[in-house]
Amino acid sequence: MTEKAWGGRFQGEAIEWVDDFNASIHFDKILIDMDIASSVAHAKMLASNHIITDSEKDQIIDGLNAVLDDYNQGHLEFSTQHEDIHMNIERALISKIGDTGGKLHTARSRNDQVATDMHLYVKGRVHEMIERIESLQKTILNLAKENIHVIMPGYTHLQRAQPVLFSHHIMAYFWMLKRDKERFWDSLKRIDISPLGAGAISGTTFNIDREQTREILEFADIYQNSMDAVSDRDYIVETLSNISLVMVHLSRLSEEIIFWMSEEADFITLSDQFTTGSSMMPQKKNPDMAELIRGKSARTAGSLMSMLMLLKGLPLTYNKDMQEDKEGLFDAVTTVNGSLQIMNGMLGTMVINEKILKKTVQEDFSNATELADYLVQKGVSFRKAHEVVGKVVLKSINEGKYLKDLSLEEFKQEHERIETDVFDILDPKIVVDRRKSSGGTGTEAVLKQLDAAEKSL
Ligand code: ARG
């Protein structure tokens, strides 16, 4: 039993499958860089506060670097008997430098150690996610600039509502992503805090300097309460929430792409690289990447729920339940980074079927609001105008026509104030460009929007 770091108190033989159940090494090994960095900082602090000697510190740091080298060269063997990354590294260190390695854990617990590793991990990943979001924003902005002349149907209830610029539509996602980015930035205030030195629960009797390890590890602040430090997982909930919302945004965009690519719409063509074929139907070209992003958004939201449920009944301070904070988070980070990259590639290579879009917006009633606004400008109340246009639309549908196909007499039958100038306002390009209100879809307003977007980057 003395094989285990905590073996002294135990007499019974360990059972392998119990060790397997208890262990986290198969997933927390990705924390190795963070674990070594926080141990190096801790060793330096112990030495400068005369808790270990300088020579012991040097041996420990050299030993830790050697362990990391072994790992990077694939020579480090992990064992579930040593449970997690922290104890596997300690074991490896002791087998390299002997009992001095056992001094590293002075004034430290795995509870503040794992919290420190996780804070470092989340901080690094948040910066990475912000970069990927920004890269996708740039692709969206380019797409919007290049296609500023393209008009498409805008929908509510997935029914044709009013024509909009494609640029306007796609830019809505730019702003969602901007908010996502801001949420990540803001969360750093609560992530960038050092728990190191909190010990197992209540601090330590040794004369440690938490400020020093904070500085070495480049944290902005330290936890003020050791019990909070070792049991806070709010920053993981928050990160999972922020990731989930990015995934929801990507999922909504994926759903649009899937619809735009359908034979029924045919608004866009996705490149071969971002689509797949069918094993049976030779004609198929499927938007699998978009569907996968949509599907994976379920998993990240699931991880957020798991984390909330994990915490809700936990008394202070550390409970082993908390080991379960990792897999969902690691998976969510991989998922969102992958999804952002895929979405970026998919949008960057997609072709907009301009001819089809042009025909589409000619052949619908999405200019009906324009006709109502026209009547309002001629002095009719909006409510009355709405009713008149409703009747015009019904008549047109019954006759298999669109508004632009009606004669002046047919218009006049519904309202005498309609004149020949009505034909000037029914064209989708005019319908779009008359929406000059700020934030509207008119080309002028969208160009201003693109400018603001550019400046926000
Ligand atoms: N593997 C553990 C985790 O991820 C590390 C902390 C263990 N602490 C303890 N008191 N058992 O939570």
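Residues numbered from 1 in each chain as written. Predicted model: local features only at pLDDT ≥ 70, side-chain atom pairs only at ≥ 80, totals over all residues. Heavy atoms only, no water.

Undergrad: I would appreciate a short explanation of the overall build of the chain in the present structure.
TA: Looking only at helices and strands, one finds 18 helices and 6 strands in the chain. Here the chain has a C-alpha radius of gyration of 31 Å; the compact-globule value for 457 residues is 23 Å, and the former is much larger. Along the first, second and third principal axes, the C-alpha set of the chain runs to 100 × 50 × 40 Å. When the 457 residues of the chain are sorted by exposure, 50% land in the buried category. A fraction of 75% describes how many contacts in the chain between residues 6 or more apart in sequence connect residues 24 or more apart. Approximately 22,100 Å² of the chain is accessible, and the part contributed by carbon and sulfur atoms is 52%. (Helix = DSSP H or I, 4+ residues; strand = E, 2+ residues; numbered from the N terminus. Rg over C-alpha atoms; globule rule 2.2 N^0.38 Å. Buried < 20%, exposed > 50% of the residue type's maximum accessible area, 1.4 Å probe, protein only. Contact = heavy atoms within 4.5 Å. Areas by Shrake-Rupley, 256 points an atom, 1.4 Å probe, with all protein chains shown as cover.)

Undergrad: Could you clarify how one ought to interpret the pairing of strand E1 (residues 151–156) in this entry?
TA: Residues in a regular strand project their side chains so that they alternate between the two faces of the sheet. Relative to strand E2 (residues 159–165), E1 is paired through 6 bridges, and the arrangement is antiparallel. Across the sheet, Gly-154 pairs through a bridge with Gln-162, a residue of E2. Where E1 hands over to E2, the hairpin turn is made up of 2 residues, of which His-157 adopts a positive phi near 55 degrees. (Pairing = 2+ DSSP bridges.)

Undergrad: Explanation requested: the pattern of salt bridges in the structure shown.
TA: A side chain with one charge can pair with a side chain of the opposite charge if their charged atoms come near. Inspection of every chain in the model, using the stated rule, returns 37 salt bridges. Across the pair Arg-233 and Asp-325 runs a salt bridge, and its minimum N-O distance is 2.9 Å. With Arg-233 in the loop between helix H9 (226–231) and helix H10 (234–261) and Asp-325 in the loop between helix H11 (288–312) and helix H12 (326–349), this residue pair connects regions lying 92 residues apart in the sequence. Taken as a pair, Arg-233 and Asp-325 share a single burial class, namely buried. (Salt bridge = Lys/Arg side-chain N within 4 Å of Asp/Glu carboxyl O.)

Undergrad: Looking at this model, I keep getting lost on the environment of His-149. Mind explaining?
TA: Assignment of secondary structure puts His-149 in the loop between helix H6 (110–146) and E1. Judged by relative accessible area, His-149 falls into the partly exposed class, the value being 46%. Taking the C-alpha atoms as reference points, His-149 and Glu-416, separated by 267 residues in sequence, lie 35 Å from one another. Of note is the side chain of His-149, whose polar atom sits 3.3 Å from the side chain of Glu-354. (Polar contact = N/O pair within 3.5 Å; in protein donor to acceptor, adjacent residues only side chain to side chain.)

Undergrad: Can you walk me through H10 in this structure?
TA: Residue pairs three or four apart in sequence face the same way in an α-helix, which turns once every 3.6 residues. Here H10 contains 28 residues, and its C-alpha end-to-end distance of 40 Å stays within 8% of the 40 Å for a straight helix at 1.5 Å per residue. Of all 28 residues making up H10, 20 are buried, and the element is well covered by its neighbours. (Expected span 1.5 Å × (residues − 1).)

Undergrad: Looking at this structure, I do not really get the site of the ligand. What am I missing?
TA: Neighbouring the ligand are the residues Ser-24, Asp-28, Asp-84, His-86, Arg-110, Asn-111, Val-114, Tyr-318, Gln-323 and Lys-326. At 2.9 Å from a nitrogen atom of the ligand is found a side-chain nitrogen or oxygen belonging to Asp-84. In this structure, Asn-111 approaches the ligand through a side-chain N or O atom, which is 3.0 Å from a nitrogen atom. When the free accessible area of the ligand is taken as 340 Å², the share hidden by the protein chains comes to 87%. Among the elements that take part in the shell around the ligand, H6 stands out by supplying 3 residues, more than any other. A per-class count over the shell around the ligand returns 2 nonpolar, 4 polar and 4 charged. (Near = heavy atom within 4 Å. Nonpolar A, V, L, I, M, F, W, Y, C, P; charged D, E, K, R; others polar.)

Undergrad: Is there a simple way to think about the packing of H10 against H11 in this case?
TA: The description of two helices packed together rests on the angle between their axes and the distance between the axes. H11 packs onto H10 with a crossing angle of 160 degrees between their chain directions and a minimal axis gap of 8 Å. For the element pair H10 / H11, the angle class is roughly antiparallel. The two elements H10 and H11 meet at a crossing, and its hand is left-handed. For the contact of H10 with H11, a count of residues per class yields 16 nonpolar, 7 polar and 4 charged. (Axes fitted to C-alpha atoms, helices over the stretch in contact; angles between N-to-C directions. Parallel < 35°, antiparallel > 145°, perpendicular 65-115°, else oblique. Left-handed = near helix turned anticlockwise from the far one by under 90°.)

Undergrad: Help me out: how do you make sense of helix H18 (residues 443–456) in this one?
TA: With 14 residues, H18 extends 20 Å between its outermost C-alpha atoms, agreeing within 8% with the 20 Å of an ideal straight helix rising 1.5 Å per residue. Those residues of H18 lying buried are Thr-443, Ala-445, Val-446, Gln-449, Leu-450 and Ala-453. Taken around the axis of H18, the buried residues stretch over an arc of 155 degrees, which confines them to a single face. In H18, the exposed positions that point more than 90 degrees away from the buried face belong to Glu-444, Lys-448 and Lys-455. Where H18 is buried, its residues touch H6, E2, helix H7 (166–191) and helix H17 (428–433). (Arc of directions from axis to C-beta.)

Undergrad: Would you take a moment to explain unusual backbone geometry for this structure?
TA: Generally, phi is negative for residues other than glycine and the peptide bonds are trans, each holding for most cases. Residue Thr-317 follows Leu-316 across a cis peptide bond; omega there is 0 degrees. If you trace the backbone, Thr-317 turns up in the loop between H11 and H12. If you check the backbone angles, Glu-83 has positive phi at about 65 degrees while not being a glycine. You can see Glu-83 is positioned in the loop between helix H4 (54–72) and helix H5 (85–97). A positive phi is found at Leu-158, a non-glycine position, where the angle reads about 55 degrees. If you trace the backbone, Leu-158 turns up in the loop between E1 and E2.

Undergrad: How should the packing of aromatic side chains be read in this particular structure?
TA: Across all of its chains, the model carries 9 aromatic pairs by this definition. Their ring planes at 55 degrees and their centres at 4.8 Å tell us that Trp-6 and Phe-10 sit as a pair that is tilted. Classification of Phe-10 by relative accessible area gives partly exposed; the value is 42%. On the basis of an interplanar angle of 50 degrees and a centroid distance of 5.5 Å, the ring pair of Phe-365 and Tyr-402 is categorised as tilted. Within this pair, whereas Phe-365 is found in the loop between helix H13 (354–362) and helix H14 (368–377), its partner Tyr-402 is found in the loop between helix H15 (382–399) and helix H16 (408–414), the two being separated by 37 residues in sequence. Relative accessible area serves as the criterion here: at 26%, Tyr-402 is assigned to the partly exposed category. Here a set of aromatic residues connected by ring pairs shows up, and it is made of Tyr-155, Phe-259 and Phe-267. (Phe/Tyr/Trp six-rings, centres within 6.5 Å; stacked < 30°, edge-to-face > 60°.)

All we've got here are geometric facts, nothing functional implied.
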